[in-house]
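Overview (structure and organization)
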Amino acid sequence: MAIDLTVVGLRWVQFAAAVVALGLPLFQAYGLRETGPQSVRRVTVIAGLVLALGTMGGLFAQTVMMAGSWATGLDPAALGYVVQSTSLGIAHGVRAGLALLGVLALILGRGRRSGAAIAALVFAGAVSSFAWSGHGAASEGSIGLVHLAADIAHALAACVWLGALAGFCLLLVRPVTREDAATARSLAGFASIGTMAVAILVVTGLINAAFLIGVDGLGRIPGSTWGGLLVAKLLTFTLMLALAAHNRFILTPALSRAIDADADAADAGRRLRVSIGLETLAGLALLGLVAAMGVQMPPASM
């Protein structure tokens, strides 16, 4: 049980770090220009390092889980076998290497757009590697490529949405009132991209569900741990959608009206901060549920 929780915890750390490492620079490119590039670069470098460390820790934990004991799992021979002979081990090794390359690109780039672009591409590769260390790599044959592609698109779209939340948090933690105007502009600019990311998440989520559940597995959902986690994930996702819609259609227009009227925007800004904070917490909880689902057997495999 302890090793299972360790694996889940390290998967959660990797997911959260990957969201920030890829999603935050992407968000800065199209909606966070008011926040200084140095601030974004510093946070992204930290996220990349956490991703690399979390991935290496996850590799050790996964090896222990496969070996059945801490002593056997930490044996260099066992670790070498997992890294060289399993898709899970290879994916972890590639992910850690790409995370470090992304950090190096940011440091050597010294804030230049070329360095940020290279880092984003490298981090996108690191995010894509999650598909090879999860259920997305379980399907075989040509149809398995559809599952793998859907899993990759799902992960990238999640980084776009949750990475934007990380960007909004960077703005909202600042106690400067002029940041309210920057937040309103960023929210308005993110609206169409956020809608596209949600659409991709829904479509790819349905594709993944078709592979992981199947027609025969529908009846096994209520009685399985994976099924319970799926229900919790869907409820959390629905909550995030409701909060995002509330932000977009009610709170952001209210803040914009207060700013345009040169009125006191403190109350509108406070309500927006609370709502985005709740959406971010829900996003972190959702990543935790996804991390837990990854170590459970889906209905199609039972």
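Residues numbered from 1 in each chain as written. Predicted model: local features only at pLDDT ≥ 70, side-chain atom pairs only at ≥ 80, totals over all residues. Heavy atoms only, no water.

By the definition in use, this model includes 5 aromatic pairs. Between Phe15 and Phe130, the ring centres sit 4.9 Å apart and the planes meet at 65 degrees, which makes this aromatic pair edge-to-face. In this pair, Phe15 is assigned in helix α1 (residues 2–31) and Phe130 in the loop between α6 (113–128) and α7 (141–172), connecting sequence segments 115 residues apart. Each of the two residues, Phe15 as well as Phe130, counts as buried. Centroid distance Trp161 to Phe237: 5.7 Å. Interplanar angle 80 degrees. Geometry classified as edge-to-face. (Phe/Tyr/Trp six-rings, centres within 6.5 Å; stacked < 30°, edge-to-face > 60°. Helix = DSSP H or I, 4+ residues; strand = E, 2+ residues; numbered from the N terminus. Buried < 20%, exposed > 50% of the residue type's maximum accessible area, 1.4 Å probe, protein only.)

Let us now look at the confidence of the model for the protein chain. Predicted confidence across the protein chain gives a mean pLDDT of 88, with 91% of residues reaching 70 or more. Per-element averaging of pLDDT across the protein chain places helix α3 (residues 70–73) at the bottom with 74 and helix α5 (residues 87–109) at the top with 95. (pLDDT = per-residue confidence, 0-100.)

What follows concerns the packing of helix α4 (residues 76–85) against α5. Remark: α4 packs on α5, axes separated minimally by 5 Å, with the N-to-C direction vectors making an angle of 85 degrees. It follows from the interaxial angle that α4 and α5 lie roughly perpendicular. Between α4 and α5, the residues in contact are Val82, Val83, Gln84 and Ser85 and Ser87, Leu88, Gly89 and Ile90, respectively. Its residues placed into classes, the contact of α4 with α5 shows 4 nonpolar, 4 polar and no charged. (Axes fitted to C-alpha atoms, helices over the stretch in contact; angles between N-to-C directions. Parallel < 35°, antiparallel > 145°, perpendicular 65-115°, else oblique. Contact = heavy atoms within 4.5 Å. Nonpolar A, V, L, I, M, F, W, Y, C, P; charged D, E, K, R; others polar.)

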